[in-house]
Amino acid sequence: MINNKNWIKIKNNNAADLNAIPTIDIKILREEIISCCTIKNLETYPMRPVAFFGKDWGNGNTRLFVILADDKNSNNDPEGSAFYISSAMFDKNTKTYESITPLIPAFHMFEREFFEEFNIKPLNHPWLKPMRKNQDEYPFFEMEGEEIHQVAVGPIHAGIIEPGHFRFMCNGETVYHLEIALGYQYKGIEELMVKSPSNQLAESIAGDSTIAYNLAYSKLFETLKNIPVSNRAQLIRMLALEMERTAIHIGDLGAIAGDIAYLMGASVFGATRTLVINTMLEFSGSRFGRGLITLGGVNFDIDNEKIYRAIKTFDKVEKDVKRMVRTMLKNSTVMSRLEKTGTISTERAKEIGLTGMAARAAGVSLDTRFDFPDKWIKELDIENIKIKGTGDVNARFKLRFREILQSFSIIKKIFEKLKEYPNEPINQGYQVLNKENLKDAFVISAVEGWRGEVIHIAMTDNTGALTRYKIKDPSFNNWYGLALAVRNNGVSDFPLCNKSFNLSYSGCDL
């Protein structure tokens, strides 16, 4: 149970008073984190870390902020799931604390990032290496033995993907360990957000999650500026988010098919994905939804004729995807490649803090849409998918398929619901664009993108000016999951495992 004296509770897309966030001794904070986040058994869901980051507090002081998510309402709060925030202060002479990671491995990446940014060392951290600043003599894990060899891939790849380095430790074809190095094009996005926040910058952070990132950014600033959003605009945003989820999932089914040389699947999924993103082009002028979402709503409405065409298109896409997936799953050669490849257990997924689709495929039920629901989840009668995930490529393949069908169902319900709000304005932000931010505010905005939870956090000072902007992509949690999933697989299975996670370099190199 949480100690309410040491934490404040905040709901998604609500503002907290920055001055009300407790500042406690790091030893006490560590003990409380361990108490709240310890996994007692596979049937329970303890609290989990959502953010663990620092801010320069002046005079050589650094303030550490910690956010825990109580997704399953383990505190029996009558208001349901919530985020809990606390903090600790490090003065200029205090540069160490006892690491949390040995007891709660989900803090592994968070502590590495905090150390890299503020040089405050988590003592006894088991894997304290650079997270992004890795170009100078990165200390790769080494193994010795006559039959041990290393395979290095990247950071420059044959395809048009961003840079990342993979170092495999192999015995013959078997992978004993994979180490992943990121940060080859660190962009300074968080600093840019403080200086010049914009929808255009937000939707450029991770190009395959344009809608999710722009939505998280917009909801955060609508909270900071108290900007209303009409029902019609909210529905169009939700529609776009589900279209993005559908398009990427279909594309990933095609990528998985391609990696097992099932070319018919790659062709069908590639063509059907194109139909979805071309519909987004018709709705917004961009296949990826750039420019659709803005503060206060959306820039483009959807008339009945476009809705009619979209329904016909999506009916065809759904039919074709169903036929292709079911054909593949009946193929023994396909199943031999998907089943028991790249497996990560439910226990391990919980332990290291997997999130989003990768977590759900491993049997960990986490989904911001349902754990922190808005009013539309109930009004549209949307049910959460229940899956007993086996944690392998097959589970991630099947989960994508089920989420595609779920998203098409949501999209159709949204089209019907839009009829109830024909004359509402789609953008009310222009009326208050110059409105000041709340003063001394702390806001968290979580959106369930196709990959998992996209987190945006903002802080303001006593004038309302932004002083800190923190972003977390689900890949931040999940890269280590990929490294573990590859163990004891053949090195030739790595592309398949990698595609089944489909993580973002850009989402980490912030």
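Asks: Residues and numbers for the pairing of strand S14 (residues 453–460), please.
Replies: Burial within S14 is extensive, with 8 of its 8 residues counted as buried. Here S14 shows a buried face lined by Glu453, Ile455, Ile457 and Met459 and a second buried face lined by Val454, His456, Ala458 and Thr460. The pairing of strand S13 (residues 441–448) with S14 spans 7 bridges and is antiparallel. Across the sheet, residue Ala446 finds its bridge partner in S14, namely Ile455. The turn linking S13 back onto S14 is made up of 4 residues, and Gly452 within it adopts a positive phi angle of 150°. Hairpin geometry of S14 and strand S15 (residues 466–472) is characterised by an intervening segment of 5 residues between the two adjacent antiparallel strands and by a positive phi of about 95° at Gly464.

Asks: Talk me through the packing of helix H15 (residues 474–486) against helix H16 (residues 494–501); I want residue IDs and the actual numbers.
Replies: The contact between H15 and H16 brings their axes to 10 Å, and the two run at 150°. What the angle tells us is that H15 and H16 run roughly antiparallel. Regarding H15 and H16, the two cross each other, and that crossing is right-handed. For the pair H15 and H16, the contacting residues are Asn478, Trp479, Gly481, Leu482, Ala485 and Val486 in the first and Phe494, Cys497, Asn498 and Phe501 in the second.

Asks: Outline H16, supporting the account with residue identities and numerical values.
Replies: In terms of burial, H16 is largely enclosed, as 6 of its 8 residues are buried. By the burial criterion, the buried members of H16 are Phe494, Leu496, Cys497, Asn498, Ser500 and Phe501. Immediately beyond the C-terminal end of H16, within one or two residues, lies Asn502, with a positive phi of roughly 45°.

Asks: Can you break down helix H1 (residues 26–37) residue by residue, with the values?
Replies: With 12 residues, H1 ought to run about 16 Å at 1.5 Å a step, and its terminal C-alpha atoms sit 16 Å apart, in line with that. Every buried residue of H1 is accounted for by Ile26, Leu29, Arg30, Glu32, Ile33, Ile34, Cys36 and Cys37. Along its buried surface, H1 packs onto strand S3 (48–58), strand S4 (61–70), strand S5 (82–90) and strand S6 (96–98).

Asks: Lay out the pairing of S15 with the relevant residues and their values.
Replies: Within S15, 6 of the 7 residues are buried, which leaves it mostly tucked inside the rest of the structure. The sheet contact formed by S14 and S15 spans 6 bridges and is antiparallel. The residue bridging Ile455 from the neighbouring strand is Lys472, located in S15.

Asks: Provide a residue-level description of the sheet that holds S13, including the pertinent values.
Replies: The 4 strands lie next to each other as S2-S13-S14-S15, forming an open sheet whose pairing is antiparallel. Whereas interior strands pair on both sides, the edge strands pair on one side only; in this sheet they are strand S2 (15–17) and S15. Across the sheet, the mean angle separating the axes of adjacent strands is 15° when strand polarity is ignored. Each of S2, S13, S14 and S15 touches helix H5 (residues 210–225); the most contacted strand, S14, lies at about 30° to it.

Asks: Go over the packing of H5 against helix H6 (residues 231–259) with me, naming the residues and quoting the values.
Replies: Contact geometry for H5 and H6: axes closest at 8 Å, N-to-C directions at 150°. For the element pair H5 / H6, the angle class is roughly antiparallel. Considering how the two elements wind past one another, H5 and H6 form a crossing that is left-handed. Contacts from Thr210, Ile211, Ala212, Leu215, Ser218, Lys219 and Glu222 in H5 reach Arg237, Ala240, Leu241 and Glu244 in H6. The residue inventory of the contact of H5 with H6, partitioned by class, reads 5 nonpolar, 2 polar and 4 charged.

Asks: Describe the packing of aromatic side chains, listing the residues and the values that go with them.
Replies: Tallied over the full model, the rule gives 23 aromatic pairs. Aromatic pair Trp57 and Phe65: ring centres 6.0 Å apart, planes at 55°, arrangement tilted. Since its relative accessible area comes to 0%, Phe65 is described here as buried. On the basis of an interplanar angle of 45° and a centroid distance of 5.3 Å, the ring pair of Trp479 and Tyr505 is categorised as tilted. Of this pair, Trp479 sits in helix H15 while Tyr505 sits in the segment after H16, and the two are 26 residues apart along the sequence.

Asks: Residues and numbers for the pattern of salt bridges, please.
Replies: Within this structure, the stated rule accounts for 33 salt bridges. Measuring nitrogen to oxygen at the nearest pair gives 2.6 Å for the salt bridge that ties Arg451 to Asp208. In this pair, Arg451 sits in the loop between S13 and S14 while Asp208 sits in the loop between helix H4 (199–202) and H5, placing the two residues 243 residues apart along the sequence. Among the residues examined, Asp208 registers a relative accessible area of 24% and is labelled partly exposed.

Rules used throughout
Residues numbered from 1 in each chain as written. Predicted model: local features only at pLDDT ≥ 70, side-chain atom pairs only at ≥ 80, totals over all residues. Heavy atoms only, no water. Buried < 20%, exposed > 50% of the residue type's maximum accessible area, 1.4 Å probe, protein only. Helix = DSSP H or I, 4+ residues; strand = E, 2+ residues; numbered from the N terminus. Pairing = 2+ DSSP bridges. Axes fitted to C-alpha atoms, helices over the stretch in contact; angles between N-to-C directions. Parallel < 35°, antiparallel > 145°, perpendicular 65-115°, else oblique. Left-handed = near helix turned anticlockwise from the far one by under 90°. Contact = heavy atoms within 4.5 Å. Expected span 1.5 Å × (residues − 1). Nonpolar A, V, L, I, M, F, W, Y, C, P; charged D, E, K, R; others polar. Phe/Tyr/Trp six-rings, centres within 6.5 Å; stacked < 30°, edge-to-face > 60°. Salt bridge = Lys/Arg side-chain N within 4 Å of Asp/Glu carboxyl O.

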